[in-house]
Amino acid sequence: KAAKPTSDEVKTFLSSADNLKKAQDIFNANKPSFEKEEQVHARHILANSDPSKPNSEKAALEKIKKAQDLLKTKSFETVAKALSDDPGSKAKGGDLGFFSRGRMVKEFEDAVFSQAIGEVSEPVKTPYGYHLILVETKTPKSTANFETAKNEIAEDLVAKDKKDKFVEELKGVVSKG
């Protein structure tokens, strides 16, 4: 906590032309790391199907329709905990957290990125079965720009400097003791 810079320390750091140039150089060298991809935060309910088993797809579709009916009177979280076949998200009410494109199968990704926030999808068929999806939030893609990144860079540099000074002080205390 002691190494976390205050806003005054960051402002003072950036008021120096040399430090501002140092921050600009770091930004230029690492520009892609300051860009953010479009992301969604979603929940889902999965009804598994197995193409090798007869009637599996029909049973999965019936299960997902039952979930749709329950969503008329119960929360998405409650229904996901009760019915979802996804062991990774079931206990979290179907919560998948934030993710960007390229992380999910195409059918799921197409549905989630085109869906409105707060809306429950119609059943979405993927190789895993049928899903109902609830998009909770979306964050748009953002391109990197120095004005928005300079404070973050300055905080890191000031924190590193504070940490280095603290380590030097500790070495002094240890060598005296």
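Everything quoted here is computed from the prediction, not taken from an experiment.

What counts and how
- All chains use their own residue numbering, which begins from 1 and follows the written sequence.
- In keeping with the predicted nature of the model, local features appear solely for residues at pLDDT of at least 70, side-chain atom pairs appear and are counted solely at 80 or more, and the whole-chain, interface and lining totals rest on all residues.
- The side-chain figures draw on all heavy atoms in the structure; neither hydrogens nor water molecules are used.
- A residue counts toward a patch only above 30% relative accessible area and without a salt bridge, and it is joined to like-charged neighbours within 9 Å or, for Val, Leu, Ile, Met, Phe, Trp and Tyr, to nonpolar neighbours within 5 Å.
- Residue burial considers only the protein chains on display, and all accessible areas are found by Shrake-Rupley using a 1.4 Å probe.
- Throughout this description, the term salt bridge denotes a Lys or Arg side-chain nitrogen within 4 Å of a carboxyl oxygen of Asp or Glu.
- Secondary structure is summarised from DSSP: a helix means a run of H or I of at least four residues, a strand means a run of E of at least two, and numbering begins at the N terminus for each.
- For every residue, the accessible area obtained with a 1.4 Å probe (protein chains only) is divided by the maximum for its type, and the residue is called buried under 20%, exposed over 50%, and partly exposed between those limits.
- Points on a 1 Å grid, built from protein atoms alone, make a cavity when a 1.4 Å probe fits but cannot get out and make a pocket when they are open with protein on both sides within 12 Å along at least 5 of 7 lines; residues with an atom within 4 Å of a point are the lining residues.
- Grid points are joined across faces, edges and corners, and a volume is the space filled by probe spheres set on the points.
- Residues are grouped as follows: Ala, Val, Leu, Ile, Met, Phe, Trp, Tyr, Cys and Pro are nonpolar; Asp, Glu, Lys and Arg are charged; every other residue, Gly included, is polar.
- Working definition: rings of Phe, Tyr and Trp (its six-membered ring) pair if their centres are within 6.5 Å, and the pair is stacked with planes under 30 degrees apart, edge-to-face with planes over 60 apart, and tilted otherwise.
- The criterion for a charge sitting over a ring is simple: Lys NZ or Arg CZ within 6 Å of the ring centre, and within 35 degrees of the ring normal.

Participant: Looking at this structure, how should I read a nonpolar patch on the surface?
Facilitator: On the surface, Phe166, Val167 and Leu170 cluster together to form a nonpolar patch covering roughly 260 Å² of accessible area. With respect to the secondary-structure elements, Val167 resides in helix 6 (residues 146–176). Exposure remark for Val167: the relative accessible area of 32% places this residue in the partly exposed category.

Participant: Can you help me understand the layout of surface pockets in this one?
Facilitator: Think of a ball as big as a water molecule: rolled over the atoms, this probe shows where empty space is left. Here the largest pocket defines a volume of roughly 150 Å³. Lining of the largest pocket is provided by His44, Leu46, Asp86, Leu96, Arg103, Met104, Val105, Phe108, Tyr128 and His131. Of the residues that constitute the lining of the largest pocket, the class distribution is 6 nonpolar, 2 polar and 2 charged.

Participant: Any chance you could explain the packing of aromatic side chains here in plain terms?
Facilitator: To describe a pair of aromatic rings, you give the distance between the ring centres and the angle between the ring planes. Tallied over the entire structure, the rule returns 4 aromatic pairs. Between Phe99 and Phe108, the ring centres sit 6.4 Å apart and the planes meet at 45°, which makes this aromatic pair tilted. Of the residues examined, Phe99 reaches a relative accessible area of 1% and is grouped as buried. The class of Phe108 is buried, set by a relative accessible area of 3%. An aromatic cluster is built from Phe27, Phe34 and Phe146, whose rings are joined through pairwise contacts. When the ring centre of Phe113 is taken as origin, the NZ or CZ atom of Arg101, which lies over that ring, is 4.2 Å away.

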